[in-house]
Amino acid sequence: MLQIDQSFAMTYQFPVCFDRNTLAPENPLLRDILQRAGDGPHRVLPVIDQNVLTAHPDIIDRLQLYANSHGATVELIEPPLIVRGGEISKSDPVEVDEFYQRTQSQNIDRHSFALVIGGGAVVDAIGYAAATAHRGIRLIRMPTTVLAQNDAGIGVKNAINYRGRKNYLGTFAAPFAVINDFDFLTTLPPRDRVSGIAEAIKVALIRDGEFFSWLHDNRQGLAAFNPKPTEYMITRCAELHLNHIRTSGDPFEQGSARPLDFGHWCAHRLEEISASELRHGEAVAIGIALDSLYSYLNGMIELDSLNRIRTTLEGVGFTLTHSALESLDINKALQDFREHLGGRLCITLLTREGAAQEVDTIDHKLMERCRQYLLGGTWPS
């Protein structure tokens, strides 16, 4: 028998930047990021979320002005690719196919850049397209929602939906850079502003009890979307997510443990049941409530913590019940999640504020009690 053992390691580096007015000609950030790839000019295809274009109708002119001001570095591929915003961009293959067509018709290669400006779904879909065209086109993400800036747009995952299954097709591909421009958040509808806070509450509960206390104490300011607490919430949430990716030893999720998916096993299913009427963050908030109730009924956290979790979620603006809960098949949702993990079932539960434990079995009758608490709106007391 002949056996050749092969082993190699690679280092991935990408900056996650927090800024304002990124496309102002006097702002060097985007230019400096492109220059990390060497001497220019660098060909850049802008991909813009239609919702962003509606809220910022001058964004194409601003991109052109920026490129003109930094012509030695930026060669804009025109016209920009405009894609539909929201979950439709992940569920309908049109967006991804249009990106593939542009790479062919305009000779976009692996040394070119895609600059995707949009919400989490668009960033996910175009990230998948960029990772699979030519086996990888350099991607610069410019997330424009709270959820995308503190979670969906900053990591190494990209995905689209397939046959009704959320994130069924996807890749692990690190972006070239991420630019979180806070100015984009000012035009978000209130519902989208609130939705992204769920991921901050999630990561605080499993990673940083002090941050969770801060979220609880600042829930009214967050609900009002006051800039100072909002920006701190986003940056701290992003920091915790990135720290996990960097230090967990499993950035590409080769194993079954998915601690950052606290509350997600049912959240993904609720999104599917509601045909995406539920925003991702809204579904995650319900999932956090469900698994927090389970953690309490299972004797893992105290009633005071459970009450603080509920107060925080409702205080920032979440409704913790939905008609989709009535149709939730707990057994099937857990089985689907196990398959998504690719191994044994691994569900994250709380042991205290800021700490969690992974379990591989769930008491279905106890989880059903939790669902009934949410549907009835009356929690343990």
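In this text, all values refer to a predicted model and were calculated from it rather than measured experimentally.

Definitions and limits used
- Residues numbered from 1 in each chain as written.
- Predicted model: local features only at pLDDT ≥ 70, side-chain atom pairs only at ≥ 80, totals over all residues.
- Heavy atoms only, no water.
- Helix = DSSP H or I, 4+ residues; strand = E, 2+ residues; numbered from the N terminus.
- Rg over C-alpha atoms; globule rule 2.2 N^0.38 Å.
- Buried < 20%, exposed > 50% of the residue type's maximum accessible area, 1.4 Å probe, protein only.
- Contact = heavy atoms within 4.5 Å.
- Expected span 1.5 Å × (residues − 1).
- Arc of directions from axis to C-beta.
- Axes fitted to C-alpha atoms, helices over the stretch in contact; angles between N-to-C directions.
- Nonpolar A, V, L, I, M, F, W, Y, C, P; charged D, E, K, R; others polar.
- Patch = residues over 30% accessible without salt bridge, like charges linked within 9 Å, V, L, I, M, F, W, Y side chains within 5 Å.
- Areas by Shrake-Rupley, 256 points an atom, 1.4 Å probe, with all protein chains shown as cover.
- Salt bridge = Lys/Arg side-chain N within 4 Å of Asp/Glu carboxyl O.
- Parallel < 35°, antiparallel > 145°, perpendicular 65-115°, else oblique.
- Left-handed = near helix turned anticlockwise from the far one by under 90°.
- Polar contact = N/O pair within 3.5 Å; in protein donor to acceptor, adjacent residues only side chain to side chain.
- Core = buried A, V, L, I, M, F, W, Y, C linked by side-chain atoms within 4.5 Å.

K.L.:
Which parts of the structure should I look at to understand the overall build of the protein?
P.N.:
Across its full length, the protein carries 18 helices and 11 strands. Here the C-alpha radius of gyration of the protein, 21 Å, is about what a compact globule of 381 residues would show, namely 21 Å. In terms of overall dimensions, the protein has a C-alpha envelope of 65 × 65 × 35 Å along the principal axes. Evaluated residue by residue, the protein yields a buried proportion of 54% over its 381 residues. In the protein, 77% of the contacts between residues at least 6 apart in sequence involve partners at least 24 apart.

K.L.:
Whenever I open this one, helix α5 (residues 94-105) confuses me. Can you help?
P.N.:
The periodicity of an α-helix, 3.6 residues per turn, causes residues three or four places apart in sequence to face the same way. Taking 1.5 Å as the rise per residue, α5 with 12 residues should run 16 Å; its terminal C-alpha atoms sit 16 Å apart, in good agreement. Those residues of α5 not exposed but buried are Glu 95, Val 96, Phe 99, Arg 102 and Thr 103. Each buried residue of α5 sits inside an arc of 120° when the element is viewed along its axis, so together they form one side. In α5, the exposed positions angled more than 90 degrees off the buried face are occupied by Gln 104 and Ser 105.

K.L.:
What should I look at first to understand unusual backbone geometry in this one?
P.N.:
Only a minority of non-glycine residues have a phi that is not negative, and only a minority of peptide bonds are not trans. The amide bond that connects Gly 40 to the next residue, Pro 41, takes the cis arrangement and shows omega of 0°. Tracing the backbone through its elements, the reader meets Pro 41 in the loop between α1 (29-35) and β2 (42-49). With omega at -5°, the peptide bond leading from Glu 78 into Pro 79 counts as cis. Within the secondary structure layout, Pro 79 lies in the loop between β3 (74-76) and β4 (81-83). Positive phi is not limited to glycine here, since Asn 21 has a value of about 50°. Since its relative accessible area comes to 37%, Asn 21 is described here as partly exposed.

K.L.:
Looking at this model, I keep getting lost on the packing of helix α9 (residues 197-207) against helix α14 (residues 280-297). Mind explaining?
P.N.:
Packed helices, taken two at a time, are described by the angle their axes make and the gap between the axes. It is the contact of α9 with α14, at a shortest axis distance of 8 Å, that shows an interaxial angle of 35°. When α9 is examined against α14, the residues Ala 198, Glu 199, Ile 201, Lys 202 and Leu 205 are found in contact with a partner set consisting of His 280, Gly 281, Val 284, Ala 285 and Ile 288. Among the residues forming the contact of α9 with α14, the class breakdown is six nonpolar, two polar and two charged.

K.L.:
When you look at the environment of Leu 81 in this model, what are you seeing that I'm missing?
P.N.:
Among the secondary structure elements, Leu 81 is positioned in strand β4. On the basis of relative accessibility, which here comes to 7%, the residue Leu 81 falls in the buried class. Each C-alpha atom of the pair Leu 81 and Asp 261 lies 32 Å from the other, and the pair is 180 residues apart in sequence.

K.L.:
Would you take a moment to explain a nonpolar patch on the surface for this structure?
P.N.:
On the surface, Phe 8, Met 10 and Tyr 12 cluster together into a nonpolar patch covering about 410 Å² of accessible area. As for its placement among the helices and strands, Tyr 12 is situated in the segment before β1 (16-19). Residue classification places Tyr 12 among the partly exposed positions, given a relative accessible area of 47%.

K.L.:
Can you help me understand helix α13 (residues 264-273) in this one?
P.N.:
For α13, the buried fraction is high: seven of the 10 residues fall into the buried class. Among the residues of α13, His 264, Trp 265, Cys 266, Ala 267, His 268, Leu 270 and Glu 271 are the ones counted as buried. Ala 275, located one to two residues past α13, shows a positive phi value of around 55°.

K.L.:
Teacher, can you tell me more about the packing of α9 against helix α12 (residues 227-247) here?
P.N.:
Across the interface, α9 lies against α12 with an axial gap of 9 Å and an inter-helix angle of 55°. Classified by the interaxial angle, the pair formed by α9 and α12 is oblique. Here α9 and α12 pass one another in a crossing that is left-handed. Across from Ile 197, Glu 199, Ala 200, Lys 202, Val 203 and Arg 207 in α9, the residues of α12 making contact are Met 233, Cys 237, Leu 240, His 241 and His 244. A per-class count over the contact of α9 with α12 returns six nonpolar, two polar and three charged.

K.L.:
It is not clear to me how the environment of Arg 279 should be interpreted in this structure. Could you clarify?
P.N.:
Here Arg 279 lies in the loop between α13 and α14. Measuring from C-alpha to C-alpha, the distance between Arg 279 and Gly 86 comes to 9.1 Å, with 193 residues separating the pair along the chain. Residue contacts for Arg 279: discarding those within four places in its chain leaves Arg 191, Asp 192, Ser 195 and Glu 271. Here Asp 192 takes part through its side chain, which lies 2.7 Å from a polar atom of the side chain of Arg 279.

K.L.:
Looking at this model, I keep getting lost on the nonpolar core. Mind explaining?
P.N.:
Judged by nonpolar contacts, the single largest core of 66 residues is most densely connected at Ile 201, Trp 265, Leu 270, Leu 313, Phe 318, Ile 347 and Leu 374. Looking at this core, the element that brings in the most residues is α14, giving nine residues. Among the nonpolar cores identified, the runner-up in size contains 25 residues, and Val 44, Ile 48, Ile 59 and Leu 115 belong to it.

K.L.:
I'm lost on the side chain of His 56 in this one. Help?
P.N.:
For His 56, the position within the fold is in the loop between α2 (50-55) and α3 (59-69). Filtering out sequence-adjacent residues up to four positions away, His 56 remains in contact with Arg 62, Asp 183, Phe 184 and Thr 187.

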